[in-house]
Amino acid sequence: MSFETIFSAAADAMLLVDNAGVIVQANPSALTLLEYSAEAMCGLAVEALIPVSYRNHHQHQRQSYFNNPEKRAMGKGSALFALTASGKKIAVDISLSPVYIKDQIYALTTFYVAGHRREAEEALRISEERLQLARRSAGLGVFDFDAKQNIVHWDERMRELWGGDSDATISYEKFIEAIHPEDREARQTALILATDPTGTGEYNAEFRIINAKDGTEHWIATTGRMHFEDNHASRLVGIAQDITERKRLETKLQEQRSETESIFKQQVAARTASAIAHELNQPLAAISAYSEVALHALSDANFSTDKLKRALEGCVAQAQRAGTSLHELLAFLQAGNIVVAPFDLNALVKDALNIARSDGYKEFQPALDLEQNLPQVLANRIQIQKVLVNLIRNAVEAMRSIGANNATITVTVRTNQNLNMGHVSVQDSGPGIPPEAVKRIFEPFFTTKPTGIGMGLAISRALVESNGGQLWLEPNVESGAVFHFTLPFAP
Ligand code: ADP
């Protein structure tokens, strides 16, 4: 039986390749497997059947095979692929045998497509297809950096991102040339980290690429894994994605955040200034009044030193009070820990009424409804005194504005049973608060008074809350206004 007959009848795909790497003959199984016609196959360089990235390597291997021809398997057991005419990669085992025909040496190349290989191939094809789909829809590029040859294998999407030409590989130098100079160092650091054989081999970097074709700048996120051979980083396989849009949104968000921050800072500054003005308004008005009294006294030829002394003492006291107020206000604004101590609410109410009177808010009758033996509350006494004086002043101003005849301020102090807290109410016989203003009176800067600042209630509420209580306006009262606040009892 001739070689020809066996060759043609063999179930395995076989090729006869001459020592120049030209296919001189292919059996029908080979034509089927590799999807070639006999005419197309004969005369073809055998490298045409080798995936592009292995072609160079194969050429050297082929030459050395013909220098030392022997019967052996190709590729020393590693997975091999043959490229079909339609560009499909199929996994094969290949064996080589030298054959001599008319003094010429040929390599008889046999392809074995084992059953499990076929299945694996099919599964691979399906999973590759899925991967391709996912890759395409996510716009992912795939790269494979061969550290030994210093080249990068890249797919079409990568070439598109980098603005590269259609070559399946690019030199590593050219590959990193496209990276924005400012981002090279950070990327290099990520690479060095992945190269550490004691590490995880994970590679993650974000950098800008300047597209070689159109000069546009794009942000790229890459992630990959380093492979090691004998403890040396040999190969980095990874994906790359265009994240320019995400970066743009991030920058915009950042800008918005700093803008909001600066608006907030301006507001805080404005509020702080207003709170200071609120604290200084009263003592400054008093100092001015005392000074006028003093000047007036001096202009009198036989002035009384007593009168002058009282006026100047008034000035001193008011100036000191302004200083103390500012000091406390600053401490409060700096949100430091406030000093709390137990005190008697009934006594505080009486003090506050006296302070308001001595500040010039005299035109009212106090009506006190105090709970005897009320437990002590735990709060900062000076701050709560400020709140009460402020509520009393507002009440007097409201009653003044309508020229109320029987101006009365009723202060009630009791235990709020529901909350188990000390509870104070301040009621006046003024005009009350119009419905359209009710919602706004606690807002900073809300005022209906010609020289008002509109910070009194805002500060009072903040003070009560920072002492663990609540401050609110009673809704729907028949006449006047009623404000309430609560404070925790001392344990
Ligand atoms: P200001 O006293 O500087 O206006 P406030 O924050 O203390 O600031 O008060 C805000 C506004 O609430 C006042 O301008 C006034 O319209 C209203 N208001 C407060 N207390 C009373 C009250 N007892 N009766 C009527 N209106 C009041």
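These lines cover the structure that appears in this document, whether it is placed above or below. (Residues numbered from 1 in each chain as written. Predicted model: local features only at pLDDT ≥ 70, side-chain atom pairs only at ≥ 80, totals over all residues. Heavy atoms only, no water.)

### Regarding the environment of A40
Its location among the elements puts A40 in helix 3 (residues 38-41). Note on A40: relative accessible area 36%, which makes it partly exposed. When the C-alpha atoms of A40 and F145 are compared, they prove to be 34 Å apart, with 105 residues separating the residues in sequence. (Helix = DSSP H or I, 4+ residues; strand = E, 2+ residues; numbered from the N terminus. Buried < 20%, exposed > 50% of the residue type's maximum accessible area, 1.4 Å probe, protein only.)

### Re the packing of aromatic side chains
Counted according to the given criterion, the structure contains seven aromatic pairs. Each ring, one from Y65 and one from F66, has its centre 5.7 Å from the other, and the planes form 85°; the classification is edge-to-face. The buried category is assigned to F66, whose relative accessible area is 13%. Three or more aromatic residues link up through ring pairs in this structure, and these residues are F143, W154, W162, F175 and F207. The ring of W219 carries K247 above its face, with NZ or CZ at 4.5 Å from the centroid. (Phe/Tyr/Trp six-rings, centres within 6.5 Å; stacked < 30°, edge-to-face > 60°. Lys NZ or Arg CZ within 6 Å of the ring centre and 35° of its normal.)

### A closer look at the pattern of salt bridges
Within the structure shown, the criterion is met by 23 salt bridges. Among the salt bridges present, the one from D144 reaches R235, with a minimum N-O distance of 2.6 Å. Taken as a pair, D144 in strand 7 (residues 141-146) and R235 in strand 12 (residues 232-242) lie far apart in primary sequence, 91 residues in all. Here E443 and R440 are joined by a salt bridge, their closest N and O atoms 3.2 Å apart. Residue classification places R440 among the partly exposed positions, given a relative accessible area of 38%. One network of salt bridges, with partners in common, ties together E182, D183, R208 and E217. (Salt bridge = Lys/Arg side-chain N within 4 Å of Asp/Glu carboxyl O.)

### Some thoughts on a nonpolar patch on the surface
The grouping of L295, L298 and F303 at the surface amounts to a nonpolar patch, some 280 Å² of accessible area in total. Structurally, the position occupied by L298 is in helix 9 (residues 244-299). (Patch = residues over 30% accessible without salt bridge, like charges linked within 9 Å, V, L, I, M, F, W, Y side chains within 5 Å. Areas by Shrake-Rupley, 256 points an atom, 1.4 Å probe, with all protein chains shown as cover.)

### Some words on the sheet that holds strand 19 (residues 482-488)
Reading across from one edge, 14-16-17-19-18 is the order of the five strands in this open sheet, with mixed pairing throughout. Taken across any chain shown, the strands that pair with only one partner, and hence form the sheet edges, are strand 14 (365-370) and strand 18 (471-473). Going across the sheet, the axis of each strand differs from the next one's by a mean of 15°, ignoring polarity. The pairing of strand 16 (residues 408-416) with strand 17 (residues 421-428) spans eight bridges and is antiparallel. When the sheet's bridge partners are listed, R414 is paired in strand 17 with H423. Taken strand by strand, helix 11 (residues 345-358) contacts strand 14, strand 16, strand 17 and strand 19, and its axis lies near 170° from that of strand 14. Contacts between helix 12 (residues 381-401) and the sheet are confined to strand 16, strand 17, strand 18 and strand 19, with strand 19 contributing the most and set at about 175° to the helix. (Pairing = 2+ DSSP bridges. Axes fitted to C-alpha atoms, helices over the stretch in contact; angles between N-to-C directions. Contact = heavy atoms within 4.5 Å.)

### Quick look at helix 12
The periodicity of an α-helix, 3.6 residues per turn, causes residues three or four places apart in sequence to face the same way. Compared with an ideal rise of 1.5 Å per residue, which puts 21 residues at 30 Å, helix 12 spans 30 Å between its outermost C-alpha atoms and is within 8% of the ideal. Residues of helix 12 that are buried include every one of Q383, I384, V387, L388, V389, N390, L391, I392, R393, A395, V396 and M399, and no others. A distance of 3.2 Å separates the backbone nitrogen of I382 from a side-chain oxygen at the start of helix 12, and that oxygen is part of N380. Phi for G403, located one or two positions after helix 12, is positive at around 55°. (Expected span 1.5 Å × (residues − 1). Polar contact = N/O pair within 3.5 Å; in protein donor to acceptor, adjacent residues only side chain to side chain.)

### Notes on helix 11
The terminal C-alpha atoms of helix 11, which comprises 14 residues, lie 20 Å apart, in line with the 20 Å expected from a rise of 1.5 Å per residue. Regarding helix 11, its N-cap is D344, as a side-chain oxygen of that residue lies 3.1 Å from the backbone nitrogen of N346 further along. Positive phi appears at G360, one or two residues downstream of helix 11, with a value of about 100°.

### Details of the nonpolar core
L345, I409 and F485 are the most contacted members of the largest nonpolar core, which has 46 residues in total. Those elements giving two or more residues to this core turn out to be helix 11, strand 15 (377-379), helix 12, strand 16, strand 17, helix 14 (456-466), strand 18 and strand 19. Of the residues forming this core, the biggest block, nine residues, is contributed by helix 12. If we skip the residues at most four places from it in the chain, F485 touches I384, V387, L388, L391, G422, H423, V424, V464, Q470, L471 and W472. With 25 residues, the next largest nonpolar core counts M41, F66, L80 and A107 among its residues. (Core = buried A, V, L, I, M, F, W, Y, C linked by side-chain atoms within 4.5 Å.)

### Let's talk about unusual backbone geometry
Even without glycine at this site, E35 takes up a positive phi of about 65°. Structurally, the position occupied by E35 is in the loop between helix 2 (28-34) and helix 3. Looking at E35, the relative accessible area reads 34%, which means it is partly exposed. The backbone of N231 sits at a positive phi, close to 70°, despite the residue not being glycine. Along the chain, N231 falls in the loop between strand 11 (217-229) and strand 12.

### Observations concerning the site of the ligand
Inspection of the region around the ligand gives 19 residues, with D428, T447, T448, K449 and G454 positioned closest. Between the ligand and K449, the relevant distance is 2.7 Å, taken from an oxygen atom to a side-chain nitrogen or oxygen of the residue. Computed on the free molecule, the ligand has an accessible area of 530 Å², of which 93% lies beneath the protein chains in the complex. Comparing atom positions with the cavity grids shows the ligand to sit within the second largest pocket. Among the elements of the structure, helix 12 and helix 14 are those that each provide at least two residues to the shell around the ligand. No other element matches the three residues that helix 12 contributes to the shell around the ligand. (Near = heavy atom within 4 Å. 1 Å grid on protein atoms, 1.4 Å probe; cavity = no way out; pocket = protein on both sides within 12 Å on 5 of 7 lines; lining within 4 Å. Sits in = over half its atoms within 2 Å of the grid points.)

Take it as geometry only, folks, not as evidence of what the structure does.
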